[in-house]
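Chain by chain, the residues:
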Amino acid sequence: MRKNKYFSLPSSQFDFVANEKKLLDWWYKKEVVKKYLNKNKNAKKNFSFIDGPITANNPMGVHHAWGRTLKDLYQRYKNMQGFCQRFQNGFDCQGLWVEVEVEKEKGFKNKKDIENYGIDKFVQDCKERVFKYAAVQTQQSIRLGYFMDWENSYYTLSDENNYMIWHFLKVCHQEGNIYKGTDSVPWCPRCGTAVTQHEILDGGYHQRTHEAVYMRFPLIKDGKLQQDEYLLVWTTTPWTIPADTLVAVHPKLRYAQVEYQGKKYWLAHNLINKIFNQPLAPLKVITGRQLIREEKITHYKAAFDNLPIIKQIAKSPHFHQVVEAKDLVTEEEGTGLVHIVPGAGTEDHHLVKNQLRWPEVIFPVVDEDGSYLEGYGFLTGKNAKDHPEFVINYLKEKENGRYLFKLENYTHSYPLCWRCGTELIWRLVSEWYIAMDNPRKSDGKTLRQRMMAVAKKINWLPEFGLKRELDWLKNMTDWLISKKRYWGLALPIWQCDCGWFEVIGSKEELKQKAVEGWSEFAGHSPHRPWIDKIKIRCPKCGKLIERVKDVGTPWLDAGIVPFSTLVDPKTKKVSYLTDKKYWRQWYPADFITECFPGQFRNWFYSLIAMATALEDKEPFKTVLGHALVKDEKGEEMHKSKGNAIWFDEAAEKMGVDTLRWLYCRQDPEFNLNLGYKVANEVRRQYLLVLWNAYCFFLTYASLNNWQPIDQKLNLRNLVVLDQWILSRLESTKKLVSEKLDDYQHHLAISKIEKFLEDLSLWYIRRSRERLNPQNQNKKDQENCFQTLYYLLEQLALILAPFIPFLSEEIWQNLRYHQKNYDPNDSVHLQNWPKAEEKFINLRLEKTMAQIREIISQSHSQRQTAGIKVRQPLPQLTIRNLGFRIEKELIKLIKDELNLKKVKIIPGKGSLQVQLETKLTPKLIAEGKARELIRKVQVLRKQAGLSLQDKIKIKAPSWPKEFEKEILTKTGGLSIKKANQLTIVKI
Ligand SMILES: [Zn+2]
Ligand SMILES: [Zn+2]
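What counts and what doesn't
Residues numbered from 1 in each chain as written. Chains lettered and ligands numbered in written order. Predicted model: local features only at pLDDT ≥ 70, side-chain atom pairs only at ≥ 80, totals over all residues. Heavy atoms only, no water. Helix = DSSP H or I, 4+ residues; strand = E, 2+ residues; numbered from the N terminus. Rg over C-alpha atoms; globule rule 2.2 N^0.38 Å. Buried < 20%, exposed > 50% of the residue type's maximum accessible area, 1.4 Å probe, protein only. Areas by Shrake-Rupley, 256 points an atom, 1.4 Å probe, with all protein chains shown as cover. Lys, Arg positive; Asp, Glu negative; His and termini not counted. Charge placed at Lys NZ, Arg CZ, Asp CG, Glu CD. Core = buried A, V, L, I, M, F, W, Y, C linked by side-chain atoms within 4.5 Å. Donors = N, O, S within 2.8 Å, 3.2 Å for Na, K, Ca; no water. Pairing = 2+ DSSP bridges. Axes fitted to C-alpha atoms, helices over the stretch in contact; angles between N-to-C directions. Contact = heavy atoms within 4.5 Å. Parallel < 35°, antiparallel > 145°, perpendicular 65-115°, else oblique. Left-handed = near helix turned anticlockwise from the far one by under 90°. Nonpolar A, V, L, I, M, F, W, Y, C, P; charged D, E, K, R; others polar. Tetrahedral: all angles 85-135°; square planar, octahedral: opposite > 155°, others 65-115°. Phe/Tyr/Trp six-rings, centres within 6.5 Å; stacked < 30°, edge-to-face > 60°. Salt bridge = Lys/Arg side-chain N within 4 Å of Asp/Glu carboxyl O. 1 Å grid on protein atoms, 1.4 Å probe; cavity = no way out; pocket = protein on both sides within 12 Å on 5 of 7 lines; lining within 4 Å. Points joined across faces, edges and corners; volume = space filled by probe spheres on them. Polar contact = N/O pair within 3.5 Å; in protein donor to acceptor, adjacent residues only side chain to side chain.

Looking at the overall build of the chain
Next up, step 1: What the chain contains, in helices and strands, is 34 helices and 37 strands.
Next up, step 2: Its C-alpha radius of gyration of 38 Å places the chain more than 25% over the 30 Å reference for a compact globule of 986 residues.
Next up, step 3: Its C-alpha atoms put the chain at 120 × 75 × 55 Å along the principal axes.
Next up, step 4: Burial statistics for the chain: of 986 residues in total, 58% are counted as buried.
Next up, step 5: Surface summary for the chain: the accessible area is close to 43,400 Å², and the carbon and sulfur share equals 49%.
Next up, step 6: Positive and negative side-chain charges of the chain, numbering 151 and 118 respectively, have mean locations separated by a distance of 8 Å.

This is the structure:
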């Protein structure tokens, strides 16, 4: 039985996908995965990998599979090298992305629908969705060949994770870095939540056309309304016009007064032509500063001044004032006079709050859904974004359009909600922040400075990662951590009307301080709505107070995992909060890898922020970022475009080894263009070449009844060709290790690709005859078999981390006939092979490369002369060969090029190769004989004959002097004349 398996010939139509499924079954049935996870359990050296959690919200995509392939690759490599490791996968569970999907499932339109349904039920549904997709993603990852401790995955919804974030927030609070701030922030009116700076960049800006409005504001000079002198002001957000507060000019820009249809307008001098579509001679030209100080243009009137809220605000002398703001004003667009609404714009708000310090003119515009608030008269309750016509129609009618100069369609890039695609608005809200620029008491350093110092200690791959991270850290605002939502970390902040607030750092602390609601909460996870039952007492005023209703940003959930997931297997406790001994063994992580474009401001950022606040130490030593997966043409994959490839489909159609090869060979710095065409190409070029080399070996091993013997290869007995391929193998092994040590897997696999090419296009090509059963040099044949066997076995080992399936298939089958064969053993339980330095002969590798170059030049000369390879040629002359050449190599050249003689003329200068193509009658006869031999071989193959079968040949003609050779080479017993070439099996 054993014999049958080992030399059973694999079908030429090998089914890669079916084989992958067979091996998956086998790995789990034979507990190979379990043995793999425990392989180095007691090793002294460890390699700490922390998994960036995958959002368990949908099936896994081909873009996830890239990162997961790299994670698996490096963990497998380190496992073969004997490092003790944790193999913990993570699922990201909380946050708006899950909520939005559950809302879609239930057909909910807004937050009211959720509250009517019940927050408890909604949160439960979110949890269930997460568990459902975590299970789906686990199965998909297993299909990818990803070996992880699947039963011990971490979930960011766990109590451990949530309470560890509480601990972090408490530490931040103790340093005075938690505060509630009012700001005018980007807001999604559908999701009813603020959208952070990080998320805006994720959601992206999209081309949108809006109605832009040119308003004219009559001037008020010395308290008097001017009848025919106006400021010309422009906006692309008509919904903010009712709340117009100030107009800003640039102090140094030149402004002009022009007369047009009986009215005088002020605007930027350079924009006159653009706005009036004609050159108008200015009446006056002055700078913005002169406009305010010398021309005394300081106040104006606007169209909505009768609204109750405006009447209230207008009591301030600063209302409708003209101000200088050089950062907000340009001549690129508009009129050079900027409409400022501190209640609906981040920069506007900062100008009024921080620079002008006029808090009395900051007032809100819209509510959570984007509807106008109380005080906006006829607009109150109307959705501001959906109905710009209320504002525009009012402007058209009011005093016969006095305040409206003109309307025009304006296309610009506009931010959308990263989650639901709704156009964002800006809204005045109170949110919770972590301060970045608060100097620490002990050394005066701010969190921002400390984070930058930590980021610099990390090895960023690709290198530009550090610069990107530092750019982000330099420019980012305070970290907005709250969301007015339901499914997420319950921010542990209890707040009192008197202004005092408390940040709770643990479940124990909460229990101790709870005055009401503990019994209702007990037994539940620390989520809404159960956590909201608990009241504590305000130590300042004695009132019973509740938790703020906000949940936390999910990047807190993912950033805390280097602290929350290191659970000591002995005590089963989170090590960081107990004795820290186990935690210290695994922190910082040696390695993390994720898709980089978004993570500089997301996961990498939150990891660094949390590790800095807690420990002032880097959370990971090396980060490897990879780019995005696009379709074959380099375009974004989209369900709606029909160019998306689903992971399951890719696994079924390409096979995951092919998919993994594609991921591994891609330079992670650049996007991967993935499709079936490129997958087929990679399978053909590499996987099939490997498979064919292996089949070639099996075929001839079977024909010759060859058995592996337990004997090391002896270099002295080997021919140069064997020495060369062994050198190539060992130097490839060495380079692959070096590249993997540097996390340059794409360079590592390119070395293997090069080796496969050498193996199939040269070594095997030149070794066919040696393995022919008719070869009488049995010693040479044995060496060739042994060399090939060793090559394939070593290849299987170094390919195991890259393509776990095919490498296993080959390795298993090769081992089958060894004395110590263990049917439960696996390539994935082996040690990483060390390069055999004594086999490496770089001089020989270089020589062979040059010989192959000579051969390639000669082949093309033959082609130019139109002479087939089977026609022997008299001579090749090589001039100026820069090195000595062994006899064996000359023979190699002669055999490959079908030559009678190779003449080498030494000398200096550039290498010259000249093929002699003049034919003698004898050479022509020999060529005919070779041609006939080839045709007979084809007929033998068509008849399905084996190498041992003997035949009788009939042929129209043949060169008599080569008759004996023809018969020997074709297994023929006789040859007779006939009109047509035929063979008959005897
Ligand atoms: Zn949204
Ligand atoms: Zn109080």
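Here's the deal with the nonpolar core
Next up, step 1: Counting 233 residues, the largest nonpolar core has F168 and W479 as the members making the most contacts within it.
Next up, step 2: The biggest single contributor to this core is helix 26 (residues 676-703), with 14 residues.
Next up, step 3: F217, V258, W358 and Y433 belong to the second-largest nonpolar core, a separate cluster that totals 80 residues.

As for the coordination of the zinc ion (ligand 2)
Next up, step 1: For the zinc ion (ligand 2), every protein donor is listed as C496 (SG), C498 (SG), C538 (SG) and C541 (SG), and the spread of their distances is 2.2 to 2.3 Å.
Next up, step 2: Positions of the donor residues of the zinc ion (ligand 2), expressed as sequence spacing, correspond to C-x1-C-x39-C-x2-C. One end of the pair, C498, is in the loop between strand 22 (493-495) and strand 23 (501-503); the other, C541, is in the loop between strand 25 (535-537) and strand 26 (544-547), and 43 residues separate them in sequence.

What about the sheet that holds strand 36 (residues 972-977)?
Next up, step 1: Taken in spatial order, the three strands of this open sheet run 36-35-37, and their pairing is mixed. The strands lining the two open edges of the sheet, one partner per strand, are strand 36 and strand 37 (982-985). Here the strands of the sheet are splayed against their neighbours by 20° on average, with no regard to which way each runs.
Next up, step 2: Relative to strand 37, strand 35 (residues 951-955) runs antiparallel, the two sharing four bridges. Counted as the bridge partner of K954 is T982 from strand 37.
Next up, step 3: In the packing of helix 34 (residues 963-970) onto the sheet, the strands contacted are strand 35 and strand 36, and the crossing angle to strand 36 comes to about 130°.

Re the packing of helix 26 against helix 28 (residues 745-771)
Next up, step 1: With their axes 10 Å apart at the nearest point, helix 26 and helix 28 run at an angle of 25° to one another. The angle between helix 26 and helix 28 falls in the class roughly parallel. Crossing geometry of helix 26 relative to helix 28 is assigned as left-handed. Facing Y686, V689, L690, A693, F696 and Y700 of helix 26, the residues of helix 28 in contact are E753, L756, L759, S760, I764, R768 and L771.
Next up, step 2: Of the residues assigned to the contact of helix 26 with helix 28, the class counts are ten nonpolar, one polar and two charged.

A word on the coordination of the zinc ion (ligand 1)
Next up, step 1: The zinc ion (ligand 1) binds to the protein through C188 (SG), C191 (SG), C417 (SG) and C420 (SG); the donor distances cover 2.2 to 2.4 Å.
Next up, step 2: Considering all four donor atoms around the zinc ion (ligand 1), the spread of angles at the metal, 104 to 116°, places the coordination shape in the tetrahedral class.
Next up, step 3: Positions of the donor residues of the zinc ion (ligand 1), expressed as sequence spacing, correspond to C-x2-C-x225-C-x2-C. Placement of the pair is C188 in strand 6 (residues 178-188) and C420 in the loop between strand 17 (404-415) and strand 18 (425-434), with a sequence separation of 232 residues.
Next up, step 4: When its relative accessible area of 0% is taken as the criterion, C188 is described as buried.

With respect to the packing of aromatic side chains
What characterises a pair of aromatic rings is the spacing of the ring centres plus the angle enclosed by the ring planes.
Next up, step 1: On inspection of all chains with the given rule, the structure shows 66 aromatic pairs.
Next up, step 2: Plain terms: the ring middles of F47 and F83 are 6.3 Å apart, the flat faces sit at 65° to each other, and that makes the pair edge-to-face. Placement of F47 in strand 1 (residues 46-47) and of F83 in the loop between helix 4 (62-80) and strand 3 (84-85) is noted, with a sequence separation of 36 residues between them.
Next up, step 3: Geometrically, the ring pair formed by F563 and Y587 is tilted, given 5.3 Å between the ring centres and 40° between the ring planes.

Quick look at the pattern of salt bridges
Next up, step 1: Considering all chains together, one arrives at 68 salt bridges under this definition.
Next up, step 2: Overlapping salt bridges, with partners in common, bring together E175, R440, D443, R450 and D616 in one network.

Here's the deal with the sheet that holds strand 29 (residues 620-626)
Next up, step 1: Read across the open sheet, the three strands follow the order 19-29-28; overall the sheet is parallel. Taken across any chain shown, the strands that pair with only one partner, and hence form the sheet edges, are strand 19 (459-461) and strand 28 (589-595). For this sheet, the mean inter-axis angle between neighbouring strands, taken without regard to orientation, is 15°.
Next up, step 2: With six bridges joining them, strand 28 and strand 29 adopt parallel strand pairing. Bridging from a neighbouring strand, E594 pairs with G625 of strand 29.

A closer look at empty space enclosed by the protein
Regions of empty space are outlined by a rolling probe, equal in size to a water molecule, passed over the atoms.
Next up, step 1: Summed over the entire model, instances satisfying the criterion amount to one cavity of 30 Å³ or more.
Next up, step 2: In this structure, the largest cavity spans a volume of roughly 40 Å³.
Next up, step 3: If you trace the largest cavity, you find it lined by W460, L461, P462, G465, F596, F600, F604, V623 and G625.
Next up, step 4: For the lining of the largest cavity, the residue count by class is seven nonpolar, two polar and no charged.

A word on the pairing of strand 12 (residues 263-268)
Next up, step 1: In terms of strand pairing, strand 9 (residues 224-235) meets strand 12 through three bridges, oriented parallel. Residue pairing in the sheet places E229 in a bridge with K264 of strand 12.
Next up, step 2: Here strand 11 (residues 254-260) folds back onto strand 12, and the loop between the two strands holds two residues, one of which, Q261, carries a positive phi near 45°.

Comments concerning the environment of R68
Next up, step 1: Following the sequence through the fold, R68 ends up in helix 4.
Next up, step 2: Between the C-alpha atoms of R68 and N89, which are 21 residues apart in sequence, the distance is 9.9 Å.
Next up, step 3: Not counting residues up to four positions away in its chain, the partners in contact with R68 are I54, M60, N89, S141, L144, Y146 and W150.
Next up, step 4: A polar atom in the side chain of R68 sits 2.8 Å from the side chain of N89.

Some words on the side chain of Q321
Next up, step 1: Tracing the backbone shows Q321 in strand 15 (residues 321-324).
Next up, step 2: The buried category is assigned to Q321, whose relative accessible area is 17%.
Next up, step 3: Residues contacting Q321, with those up to four places away along its chain left out, are T245, L246, V247, T298, H299, Y300 and W358.

Topic: the environment of G655
Next up, step 1: The topology assignment puts G655 in the loop between helix 24 (647-654) and helix 25 (656-665).
Next up, step 2: Distance from G655 to V561, taken between C-alpha atoms, is 33 Å for residues 94 residues apart in sequence.
Next up, step 3: Dropping the residues within four chain positions of it, G655 is found in contact with V17, E20 and A650.

Re the pairing of strand 10 (residues 246-249)
Next up, step 1: Every second residue of strand 10 is oriented toward a common face, with L246 and A248 on one face and V247 and V249 on the other, all of them buried.
Next up, step 2: With four bridges connecting them, strand 10 and strand 15 associate as parallel partners. Each bridged residue has a counterpart across the sheet, and for A248 the counterpart in strand 15 is V323.
Next up, step 3: By the bridge criterion, three bridges tie strand 10 to strand 16 (residues 338-340) in an arrangement that is antiparallel. Residue L246 lies in a different strand from strand 16, and its bridge partner there is I340.

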